[in-house]
Amino acid sequence: MAYDDLRSFLRALDREGDLKRIKAEVDPHLEVGEIVDRVQKAKGPALLFENVKGSSMPLAMNVFGTERRLAKALGLKGPDDISEKIAGLLKPELPHGFTGFRDAFGKLASIAHVPPRNVKDAPVQEVVLTGDDVNLDELPALFTWPLDGGSFFNLGLTHTKDPDTGVRNLGLYRLQRHDRRTIGMHWQIHKDSRNHYAVAARRGERLPVAIAFGCPPAVTYAATAPLPGDIDEYLFAGFVAGERVRMVDCKTVPLQVPADAEVVLEGWLEPGEMLPEGPFGDHTGFYTPQEPFPALKIDCVTMRRRPILQSIVVGRPPTEDGPLGKFTERFFLPLLKIIIPDIVDYDLPEAGGFHNCVIVSIDKKYPKHAQKTMHAIWGAHMMSLTKLIIVVDSDCDVHDYQEVAWRAFGNVDYSRDLTVVEGPVDHLDHASYQQFWGGKAGIDATRKLPEEGYTRDGGWPEMVSSDPATAALVSRRWKEYGL
């Protein structure tokens, strides 16, 4: 089973020697970020900073910094555990299209009996601070990179509700600490919480917001997953964890948060309340510019008696985003196949930020099958933000970047096999010449068919490969060679 809360997982890592307790005083201004960046790039242990300058609160970092640790946190052997479970449940009846995607996920949650359950007493409400007692300066926010515009909380799980439908959303956004009671909400254009705020503003209403830190690992993972807006992240978290998430009513806003979180911030967003936010050294590896974003006034802080704040460092990959992105890639393969049955497998390279590039394999059956797959991907929910699609044949391992490069470099006539289109790009994309949309490319690296215009004598050539009998002989005699 997955771990019920952050601290029980940290204790387990401590017992296994996969948690490093740092007792020396560290400065959240640049120093913590430099330490964490070095450790996570070395695939090092989780870190617990017990003496953070300016705060009495320990800071947990690099908690999900390896695939092994993330799998352990979620109670899995690896990401394929869940993808196989999803595929098995969907196999009897494969729905089609985006509606089928939603219905399938609702069915999964129903079958697993994992809707969240409400409780009245919660560890996260052992301490309640309101009004002038609220002081965000006591929480260890990180000033990570030299040109950052301030200190940020990077792993706060933001809860909102659609004012029209009442459907809740759980999202992960960076949060700039403006002062002791105000934080900036970095809600990008494609995010559900931004839409909730826009609806409330049009109605002249303020929007309730709750932000939870140090949540149960399955909840934290669910907040990173790119689910459609009407799929409850807490159903997904329960499905991943194999048990229902305990929820408690907030003290001052009409929202619910994980009862076993470490810290919760509660407040109301007034229509039109904006402040400059950023710059910020983001997961793209570049600074995102300063822009106006909603400013949330915090009216209440609830927490455990001895809380632990959890955060992450993002920047040039590899970072802690890597394992989270790779698990999302594997979890969603069966569901992506519902929308696009042509897909055999796919890979989202971390170097592409998991959304800029997708490598996809297909069992090619007809002319321009690769191009059909490209356009299907560009029409599939948040896959629409993909800037580069490389399509290879099913005998290519999409996770072997050396083999993919060999196919893409050698199997392509770029005057015929390159598709260039325009469409939406990520809010944070700095390469597009204007914000929110730009150019995209698809590379057809599959074998070409005569019907596609490849009419050279002999047709598409065969790849070089060993003689099977000789290969088996050599394998049997390998020790004889002394190699």
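As a reminder, the structure under discussion sits directly above these lines.
Residues numbered from 1 in each chain as written. Predicted model: local features only at pLDDT ≥ 70, side-chain atom pairs only at ≥ 80, totals over all residues. Heavy atoms only, no water.

Chemist: Please provide a residue-by-residue account of the nonpolar core, values included.
Modeler: Membership of the largest hydrophobic core comes to 77 residues, with the highest contact counts inside it found for Leu10, Leu74, Phe236, Phe331, Phe332 and Tyr346. Considering every element that reaches this core, the biggest residue donor is helix H8 (residues 233-241), with 6 residues. Ignoring sequence-local partners within four residues, the contact set of Phe331 consists of Leu74, Leu76, Pro79, Ile82, Ser83, Ile86, Tyr221, Phe236 and Val240. The next biggest cluster of nonpolar side chains, apart from the first, holds 38 residues, and it includes Val32, Leu139, Trp145 and Met303. (Core = buried A, V, L, I, M, F, W, Y, C linked by side-chain atoms within 4.5 Å. Buried < 20%, exposed > 50% of the residue type's maximum accessible area, 1.4 Å probe, protein only. Helix = DSSP H or I, 4+ residues; strand = E, 2+ residues; numbered from the N terminus. Contact = heavy atoms within 4.5 Å.)

Chemist: So, helix H1 (residues 6-16): which residues are in play, and what are the values?
Modeler: What H1 keeps buried is the set Leu6, Ser8, Phe9, Leu10, Ala12 and Leu13. Summarising the contacts, the buried residues of H1 are in contact with strand E1 (19-22), strand E2 (46-49), strand E3 (59-61), helix H3 (67-73), helix H7 (217-224) and strand E19 (309-310).

Chemist: Residues and numbers for the sheet that holds strand E22 (residues 388-393), please.
Modeler: Across the sheet, 5 strands lie side by side as E20-E21-E22-E24-E23; this open sheet has mixed pairing. Of all the strands in the sheet, just strand E20 (343-347) and strand E23 (418-424) have a single pairing partner and so form its edges. Ignoring which end each strand starts from, the neighbouring axes of this sheet average 20 degrees apart. In this structure, E22 lies alongside strand E24 (residues 437-444), joined through 4 bridges in parallel fashion. (Pairing = 2+ DSSP bridges. Axes fitted to C-alpha atoms, helices over the stretch in contact; angles between N-to-C directions.)

Chemist: Lay out unusual backbone geometry with the relevant residues and their values.
Modeler: Of note, the amide linkage connecting Gly278 to Pro279 takes the cis form, showing an omega dihedral of -5 degrees. With respect to the helices, strands and loops of the structure, Pro279 is situated in the loop between strand E15 (274-277) and strand E16 (280-281). A cis amide bond links Pro317 with the next residue in sequence, Pro318, at an omega value of 5 degrees. Considering the arrangement of structural elements, one finds Pro318 in the loop between E19 and helix H9 (321-331). In the Ramachandran plot, Phe354 falls in the positive-phi region, its phi being about 70 degrees despite a non-glycine side chain. Position of Phe354 relative to the elements: it lies in the loop between E20 and strand E21 (357-362). Its relative accessible area of 16% is what places Phe354 among the buried residues. One non-glycine residue, Phe436, adopts positive backbone phi at about 85 degrees. By secondary structure assignment, the location of Phe436 is in the loop between E23 and E24.

Chemist: Describe the pattern of salt bridges, and please don't skip the residues or the numbers.
Modeler: Per the counting criterion, the structure on display carries 38 salt bridges. Across the salt bridge formed by Asp18 and Arg68, the nearest N and O atoms sit 2.5 Å from each other. Remark: Arg68 occurs in helix H3 and Asp18 occurs in the loop between H1 and E1; sequence separation between them is 50 residues. Residue class for Asp18 comes out buried when judged on its relative accessible area of 14%. Residue class for Arg68 comes out partly exposed when judged on its relative accessible area of 45%. We note a salt bridge from Arg447 to Asp395, for which the minimum N-O separation is 2.4 Å. Note that Arg447 is positioned in the loop between E24 and helix H13 (468-477) and Asp395 in the loop between E22 and helix H12 (401-410), a separation of 52 residues in sequence. (Salt bridge = Lys/Arg side-chain N within 4 Å of Asp/Glu carboxyl O.)

Chemist: Just give me the short version of a nonpolar patch on the surface, but keep the residues and values in it.
Modeler: On the surface, Phe409, Tyr414, Leu418 and Val420 cluster together into a nonpolar patch covering about 440 Å² of accessible area. Mapped onto the fold, Phe409 is located in helix H12. (Patch = residues over 30% accessible without salt bridge, like charges linked within 9 Å, V, L, I, M, F, W, Y side chains within 5 Å. Areas by Shrake-Rupley, 256 points an atom, 1.4 Å probe, with all protein chains shown as cover.)

Chemist: Describe in detail the side chain of Glu266, supporting the description with residues and values.
Modeler: The residue Glu266 is located in strand E14 (residues 263-269) in this model. For the buried Glu266, no salt bridge exists, and the shortest N-O distance to an oppositely charged side chain is 7.8 Å, to Lys251. Reaching out from Glu266, the side chain makes a polar contact with the side chain of Thr252 at a distance of 2.6 Å. Ignoring sequence-local partners within four residues, the contact set of Glu266 consists of Val209, Cys250, Lys251, Thr252, Val253, Lys297, Ile298, Asp299, Cys300 and Thr302. (Lys, Arg positive; Asp, Glu negative; His and termini not counted. Polar contact = N/O pair within 3.5 Å; in protein donor to acceptor, adjacent residues only side chain to side chain.)

Chemist: Any chance you could break down the side chain of His159 for me, citing the residues and the numbers?
Modeler: Summarising the element assignment, His159 is placed in strand E7 (residues 157-161). Residue classification places His159 among the buried residues on the basis of a relative accessible area of 3%. Within the structure, the side chain of His159 is placed 3.1 Å from the backbone oxygen of Leu157, a separation counted as a polar contact. With sequence-adjacent residues up to four places away left out, His159 is seen in contact with Asn169, Leu170, Pro208, Val209, Ala210, Ala212, Tyr234, Leu255, Gln256, Val257 and Pro258.

Chemist: How would you explain the sheet that holds E1 if you had to name every residue and give the values?
Modeler: Reading across from one edge, E1-E2-E3-E19 is the order of the 4 strands in this open sheet, with mixed pairing throughout. The open sheet is flanked by E1 and E19, the only strands paired with a single partner. Against the sheet, H1 engages E1, E2, E3 and E19, with an angle of about 100 degrees to E1.

Chemist: Please set out the packing of aromatic side chains residue by residue, giving values where relevant.
Modeler: Here the structure, examined in full by the defined rule, presents 13 aromatic pairs. Between the aromatic rings of Tyr173 and Trp187, the centroid separation amounts to 6.3 Å while the plane-to-plane angle is 70 degrees, which identifies the pairing as edge-to-face. Of the two residues, Tyr173 sits in the loop between strand E8 (168-172) and strand E9 (175-179) while Trp187 sits in the loop between strand E10 (182-185) and helix H6 (192-202), which places them 14 residues apart along the sequence. Judged by relative accessible area, which is 5%, Tyr173 ranks as buried. Of the aromatic side chains, those joined through ring pairs into one cluster are Tyr221, Phe236, Phe327, Phe331 and Phe332. (Phe/Tyr/Trp six-rings, centres within 6.5 Å; stacked < 30°, edge-to-face > 60°.)

Chemist: How would you explain the packing of H7 against H8 if you had to name every residue and give the values?
Modeler: Put simply, H7 and H8 touch, their axes get as near as 8 Å, and they point 130 degrees apart. It follows from the interaxial angle that H7 and H8 lie oblique. The two elements H7 and H8 meet at a crossing, and its hand is right-handed. Across from Ala218, Val219, Tyr221 and Ala222 in H7, the residues of H8 making contact are Glu233, Tyr234, Phe236, Ala237 and Ala241. Classifying every residue of the contact of H7 with H8 gives 8 nonpolar, no polar and 1 charged. (Parallel < 35°, antiparallel > 145°, perpendicular 65-115°, else oblique. Left-handed = near helix turned anticlockwise from the far one by under 90°. Nonpolar A, V, L, I, M, F, W, Y, C, P; charged D, E, K, R; others polar.)

Chemist: Got a sec to walk through the environment of Ala241? Specific residues and values, please.
Modeler: Structurally, Ala241 is set in helix H8. Given a relative accessible area of 8%, Ala241 falls into the buried group. Each C-alpha atom of the pair Ala241 and Leu76 lies 8.7 Å from the other, and the pair is 165 residues apart in sequence. Those residues in contact with Ala241 that sit more than four places away from it in its chain are Met1, Ala2 and Ala218.

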